[in-house]
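Topology and contacts: notes
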Amino acid sequence: MIKSISLNGFKSYVNQTFELSPLTILTGLNSSGKSSVIQSIRILKNIVAYKDESKAFYQLNIGDKNEVKNQNCDKIVIKATIDNLDHTQILYDSENGINIAPLPYIIYISASRKGGTSTIPLLSNLELGSEGENVLNVIEHYGDEILADSLQDEAEGKTFSYVLAGWLQKISPDVKFEPKLARQADTSYSLYDQHRSSNVGYGLSYSLPVIVALLLGTIKQDSLVLIENPEAHLHPRGQYEMSRLICLCIEAGANVLVETHSDHLFDGVRIFCKESETSFADKVIAYWCQLDENKCTEVECCHIMRNGKVDNWPQGMFDQFLIDAEKLI
């Protein structure tokens with residue numbers, strides 16, 4: 001597990017360290033630096049994989065190191081500390097080189113994931129693509145894997161396929177999900193109540209790779225699941241159910257870093273902390289990101305307590321409902 005990630009001179013960050021918990025929540029206004037934290041982890045993943053600085057950046061479609069260097073800093077330093085006996089560090093220093101060490105298995109689902117598309121590409125491996133590519137191949141491979149009892153939550157069975165179907169029904173009650181693979185054409189497609197995904201609500205197709213990634217995180221030991229906007233296209237009830245799934249996956253052994261704009265998801269985590277009998281709140285940390293007058297990111301850390309309350313509520317964090325309610329009184 002990654003214990004912490006430190007960013008120096010990377011994009012809007014001058015000098016910031018994020019301590020990670022089994023569930024780490026990033027929130028803040030648009031363009032405040034949340035996605036940059038996820039990008040930094042992906043850069044380190046690419047450096048470990050390719051041992052090539054330029055490829056590590058360009059594969060993320062963010063340009064080279066000069067384009068993403070903070071104008072107030074002389075160089076970029078990205079460092080991940082791995083939580084093991086010797087606190088191994090994976091380091092990228094744009095001037096002094098790199099230090100490579102084994103990195104936990106990373107599962108990443110992008111905010112730009114494919115929604116109601118007629119077909120989903122099949123890959124030659126069993127990796128879940130960042131935009132949901134290969135998701136049906138992954139489902140087929142792990143379909144018979146027995147998952148933790150806590151994840152079953154009214155599902156018709158204990159296996160990956162049944163649990164997945166059960167959580168899709170939380171999003172859209174009574175929907176019947178059918179994955180279809182056409183291997184000779186290197187493609188796949190999904191049916192929802194016998195309808196192609198483009199003819200049903202986008203919430204289902206956008207949620208599918210998110211749910212698969214979370215369940216996969218309980219199977220892959222010591223992995224880290226990175227998810228951008230799991231609430232996309234979901235009704236508030238569906239956002240709440242997504243928060244419950246995230247929390248249950250944490251209890252089943254997953255490690256998750258989520259970027260969100262959803263107060264429903266955040267409040268769902270708070271409710272789970274309050275109702276938990278296992279001190280779940282101790283596994284959660286949240287960060288509020290905002291830009292200062294120099295367009296650099298300032299970060300406030302807050303913890304959800306065991307009663308569901310928050311120890312430090314930054315100004316601007318999930319307060320729009322109250323602001324609007326006051327105007328309507």
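A brief structural summary. (Residues numbered from 1 in each chain as written. Predicted model: local features only at pLDDT ≥ 70, side-chain atom pairs only at ≥ 80, totals over all residues. Heavy atoms only, no water.)

Taken across its eight residues, helix α3 (residues 135–142) has six buried, putting it largely inside the fold. Among all positions in α3, only Val 135, Leu 136, Asn 137, Val 138, Ile 139 and Tyr 142 are buried. For α3, the secondary structure elements touched by its buried residues are β8 (120–121), α5 (160–171), β9 (177–182), β10 (187–192) and α6 (202–219). (Buried < 20%, exposed > 50% of the residue type's maximum accessible area, 1.4 Å probe, protein only. Helix = DSSP H or I, 4+ residues; strand = E, 2+ residues; numbered from the N terminus. Contact = heavy atoms within 4.5 Å.)

On to the pairing of strand β5 (residues 89–93). Note: strand β4 (residues 77–82) against β5, five bridges, orientation antiparallel. For Val 77, the partnering residue across the bridge sits in β5 and is Asp 93. From the end of β5 to the start of strand β6 (residues 97–99), which pair antiparallel, there are three residues. (Pairing = 2+ DSSP bridges.)

What follows is about the nonpolar core. If you look at the biggest cluster of nonpolar residues, it comprises 62 residues, and the most contacted ones within it are Leu 23, Leu 208, Leu 214 and Leu 215. Considering every element that reaches this core, the biggest residue donor is α6, with 10 residues. Formed by 37 residues, the second largest nonpolar core is a distinct cluster that contains Phe 10, Leu 26, Phe 57 and Tyr 92. (Core = buried A, V, L, I, M, F, W, Y, C linked by side-chain atoms within 4.5 Å.)

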